[in-house]
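Now for the letters of each chain:
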Amino acid sequence: MSDTHRICVVPGDGVGAEVVPQALRVLRAAAAACGFGLEFDHRPWGSAYYREHGRMMPADAAAVVADAEATLFGAVGTPEVPDSITAWGLILSLRQQLELYLNLRPVRAVPGTPGGDFAMLIVRENTEGEYVGTGGRLYAGTAAETATHTSVFTRRGIERAVEYAFRAVPEGGLLTSVTKSNALPVTMGLWDEVTAEVAARHPGTGWERMHVDAVAYQMVRAPGRFDVLVASNLFGDILSDLGAGLQGTLGLAASGNVNPQTGVGIFEPIHGSAPDIAGRGVANPLGAINSAAMLLDHIGRTEAAELVRAAVDATLSSGITPADLGGNRSTQEMGDAVLERMA
Ligand code: IPM
Ligand code: MG
């Protein structure tokens, strides 16, 4: 392992620019405490870049991300530019171009807050399903206007996501395959078939198949029953926001877009650009900081990752919270509080 890791940093839009600097402070402190170096390669991609250059990121952006050991990403989206340009021009495009086929989204009960005891990992397939982008409009503006949007599932795409999910199940744990084959027998039928094939390769791992509507219900009713869930792109997107709701706020939720074969990874809080609160210095940086911890795991710095997670937990346990968790600490003060607990 090299002594210095090169990290690409893309704050992006809205609160991304406020929370990422706090995550960088924490990363620097973790690296110093554990005796390794970090070199940050800052990239100004996003909506401001779009206004200047007519595109969200340069043509070589995927190569830049692939070249770094990992990327820390903030958020994308702004009210002035359609999502079809911002999201598709940046994060969705990077996920596809780099085949970041896993989106790992841990959900767990927040220390120091009421709300039960649960910890689950949502493994979201991240390159296909409803997100391939095929479809279009016919007869635009007429009474016959028709829109199609095709979801695309491949055996290879399902298999690699499900295989990863099975391997992620802890000893004695349960894998839940999220389906909807009662209503979508073609695509979700393939999903179920491939899942059963992969399951046969993991005879020691308990698993179940559950329709997405029932999963949503059970996640609210009995979140403690889940360990690892594997879901298609859209289902995983929705369920991970539900998971964030269980935690009490979107502001804590972290994620990693990864391709375990190539080793490329983009780590981002799942909260988005939050234009309603952007620029006020009140956004919760813990989602970005938790994402930085996942990034540290990804580059093999587990000890540093644990240090960060412990400091986040200690901060929350002592009741220090930002506005989205009912407190009054600013973005910067939350960063300060985590740093103090790493010393
Ligand atoms: C997420 C986001 C994105 C998605 C948006 C910004 C397109 O909601 O990462 O969960 O739908 O994947
Ligand atoms: Mg989402």
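Quick caveat: nothing in here was measured; it's all calculated off a predicted structure.

1. Here we look at unusual backbone geometry
Stage number 1. We note that E99 has phi near 50°; this positive angle belongs to a residue other than glycine.
Stage number 2. If you trace the backbone, E99 turns up in the loop between α5 (91-97) and β4 (102-108).
Stage number 3. Of note, the phi angle at A274 is positive, near 45°, even though the residue is not glycine.
Stage number 4. Among the structural elements, A274 can be located in the loop between β12 (264-269) and α10 (286-298).

2. A short note on the pattern of salt bridges
Stage number 1. Under the definition given, this model contains 19 salt bridges.
Stage number 2. With a shortest N-O distance of 2.7 Å, D297 and R309 are connected by a salt bridge. Here D297, found in helix α10, pairs with R309, found in helix α11 (residues 302-317); they are twelve residues apart in sequence, far enough to count as distant.

3. Some words on the packing of aromatic side chains
Stage number 1. Under the defined criterion, the tally for this structure stands at two aromatic pairs.
Stage number 2. Note on F153 and W191: the rings are 6.3 Å apart at their centroids and 90° apart in plane angle, and the pair reads as edge-to-face. Of this pair, F153 sits in the loop between β7 (146-152) and α6 (155-168) while W191 sits in helix α7 (residues 187-200), placing them 38 residues apart in sequence.
Stage number 3. Here F153 falls in the buried class, since its relative accessible area comes to 13%.
Stage number 4. Above the plane of the ring of Y131 lies R124, whose end atom (NZ or CZ) is 5.1 Å from the centre.
Stage number 5. Residue placement shows R225 over the ring face of F226; its charged tip is 4.8 Å from the ring centre.

4. Focus on the environment of G12
Stage number 1. Along the polypeptide, G12 turns up in strand β1 (residues 4-12).
Stage number 2. In this view, G12 contacts W45 and A75; residues no more than four positions away in its chain are not counted.

5. Here we look at the sheet that holds strand β11 (residues 254-259)
Stage number 1. Reading across the sheet, the ten strands line up as β2-β1-β3-β12-β11-β4-β5-β10-β8-β9 and stay open at both edges, with mixed pairing between neighbours. Across the chains shown, the open sheet's two edge strands, defined by having one partner strand only, are β2 (37-42) and β9 (206-211). Along the sheet, successive strands turn relative to each other by an average axial angle of 25°, direction set aside.
Stage number 2. Here two bridges tie strand β3 (residues 70-75) to β12, and the two strands are oriented parallel to one another. Within β12, the residue paired with L72 across the bridge is F267.
Stage number 3. Across the sheet, helix α1 (residues 16-34) touches β1, β2 and β3, and the angle it forms with β3 is around 150°.
Stage number 4. Sitting on the sheet, helix α8 (residues 212-221) touches β5 (119-125), β8 (174-179), β9 and β10 (228-231), and the angle it makes with β9 is about 105°.

Quick notes on the rules
Residues numbered from 1 in each chain as written. Chains lettered and ligands numbered in written order. Predicted model: local features only at pLDDT ≥ 70, side-chain atom pairs only at ≥ 80, totals over all residues. Heavy atoms only, no water. Helix = DSSP H or I, 4+ residues; strand = E, 2+ residues; numbered from the N terminus. Salt bridge = Lys/Arg side-chain N within 4 Å of Asp/Glu carboxyl O. Phe/Tyr/Trp six-rings, centres within 6.5 Å; stacked < 30°, edge-to-face > 60°. Buried < 20%, exposed > 50% of the residue type's maximum accessible area, 1.4 Å probe, protein only. Lys NZ or Arg CZ within 6 Å of the ring centre and 35° of its normal. Contact = heavy atoms within 4.5 Å. Pairing = 2+ DSSP bridges. Axes fitted to C-alpha atoms, helices over the stretch in contact; angles between N-to-C directions.

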